[in-house]
Amino acid sequence: MSAMTTDAGRIDSGRKATGVPGPVPEARRTPGKARRNPRRAGRAGWTPWLYLAPALVVLGGLLVYPIYQLGLISFLEYTQAQVSGGEPTSFKGFGNYTALFGDSQFWQVLLATVLFAAACVVTTLAVGCALAVLLTRVRALPRLALMLAALGAWATPAITGSTVWVFLFDPDYGPVNRLLGLGDFSWTYGRYSAFALVLFEVVWCSFPFVMVTVYAGIKAIPGEVLEAASLDGASQWRIWRSITAPMLRPILVVVTIQSIIWDFKVFTQIYVMTNGGGIAGQNLVLNVYAYQKAFASSQYSLGSAIGVVMLLILLAVTLVYLRLIRRRGEEL
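The following refers to the structure shown.

Take the overall build of the protein chain next. The secondary structure content of the protein chain amounts to 15 helices and two strands. Across the 332 residues of the protein chain, 32% fall into the buried class. Partitioning the intrachain contacts of the protein chain with sequence separation of at least 6 by distance along the chain shows that 66% fall at a separation of at least 24. For the protein chain, the accessible surface area stands at approximately 21,200 Å², while carbon and sulfur atoms represent 65% of it.

Put into structure tokens, the structure is as follows:
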């Protein structure tokens, strides 16, 4: 025992003489995280922003600056006289917004836009989710055919699809009236029939996004969960309402917000299919209304004010929707 103690003393004295560190006593060891270099931590914090810098510059040029110009013009007196240089540009403050909110047609168009967008969003989500569930039930070949047909509708330009739908429902040459026995019924003459026709086209070109996204989410759900619910005797509707939809809620939030943004600012379909807003402007929506004010009437500042109002409405709807989701404790 004494020999072992002597050897240990020699080893310690040798380590001290040569500068080789010995084992650290347990009392001196500091548990927890290792020490970090503040300079390295600061550099690591800036590294993600350096990678994002090119994208932020592009977004700033394509998004932030146009919004700034839109808001700036909405506070000015900016008509054809100012564009041509005949009169100087003057600051009007909230004069354009006062004139806009005092116009009864604006409120009628706003109400029509909200109702039309809501109908488009609900119908698009219903059709897209139903077809997504159908894709999980059919065989490979029908699934591939449905996917290709849906992606073809999604890839079709809006002006092309609108022109084709106008031809299909044409009272003289369209095949739809002949198949339905409607004779020379004009879909674009009445206000509600014209809105319904545009709704069909909007849903036709929008449901593929919902279908593909929801289908991908359904395939990510563990099959054991759905199989267990089926063995317990739950119907397909019960499985969708109680299991599938809650698990897909983050995905449904994304497609809902996207659909609201797309359908609220519909322009091409309304403008093409109703020839600029329908008879006496009965099918106007905010985007077409802003176009008429800005370019048909050369009231660029008033059209910019309508654009700002649309932007604020969409931001408010998105923020409220996200706030409701966060209150439920769900993560996006």
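From this point, things continue past the structure.
On to the packing of aromatic side chains, then. Under the definition given, this model contains 21 aromatic pairs. When the ring of F106 is compared with that of W107, the centres are 5.2 Å apart and the planes differ by 70°; the resulting orientation is edge-to-face. Taken together, a centroid distance of 5.4 Å and an interplanar angle of 40° make the contact between F116 and F195 tilted. With F116 in helix α5 (residues 104-135) and F195 in helix α9 (residues 191-220), this residue pair connects regions lying 79 residues apart in the sequence. In this pair, the class of F116 matches that of F195, namely buried. One aromatic cluster is present, built from ring pairs that chain together F75, F94, Y97, F101, F106 and W107. The residue whose ring lies beneath R191 is Y192, and the NZ or CZ to ring-centre distance is 6.0 Å.

Bringing the pattern of salt bridges into the picture now. Overall, the coordinates contain one salt bridge when judged by the stated rule. Measuring nitrogen to oxygen at the nearest pair gives 3.3 Å for the salt bridge that ties E77 to K92. Of this pair, E77 sits in strand β1 (residues 76-77) while K92 sits in the loop between β2 (90-91) and α4 (95-101), and the two are 15 residues apart along the sequence. Owing to a relative accessible area of 36%, K92 belongs among the partly exposed residues under this scheme.

It is the contact of helix α11 (residues 236-247) with helix α12 (residues 249-264), at a shortest axis distance of 5 Å, that shows an interaxial angle of 70°. Judged by the inter-axis angle, α11 sits roughly perpendicular to α12. Contact residues: α11 offers A245, P246 and M247, while α12 offers R249, P250 and L252. Residue composition of the contact of α11 with α12, grouped by class: five nonpolar, no polar and one charged.

Positive phi is not limited to glycine here, since A280 has a value of about 55°. Along the chain, the position of A280 falls in the loop between α13 (268-273) and α14 (286-296). Positive phi outside glycine occurs at S298, with the angle close to 60°. Take S298: its relative accessible area is 18%, and that puts it in the buried class.

Analysis parameters
Residues numbered from 1 in each chain as written. Predicted model: local features only at pLDDT ≥ 70, side-chain atom pairs only at ≥ 80, totals over all residues. Heavy atoms only, no water. Helix = DSSP H or I, 4+ residues; strand = E, 2+ residues; numbered from the N terminus. Buried < 20%, exposed > 50% of the residue type's maximum accessible area, 1.4 Å probe, protein only. Contact = heavy atoms within 4.5 Å. Areas by Shrake-Rupley, 256 points an atom, 1.4 Å probe, with all protein chains shown as cover. Phe/Tyr/Trp six-rings, centres within 6.5 Å; stacked < 30°, edge-to-face > 60°. Lys NZ or Arg CZ within 6 Å of the ring centre and 35° of its normal. Salt bridge = Lys/Arg side-chain N within 4 Å of Asp/Glu carboxyl O. Axes fitted to C-alpha atoms, helices over the stretch in contact; angles between N-to-C directions. Parallel < 35°, antiparallel > 145°, perpendicular 65-115°, else oblique. Nonpolar A, V, L, I, M, F, W, Y, C, P; charged D, E, K, R; others polar.

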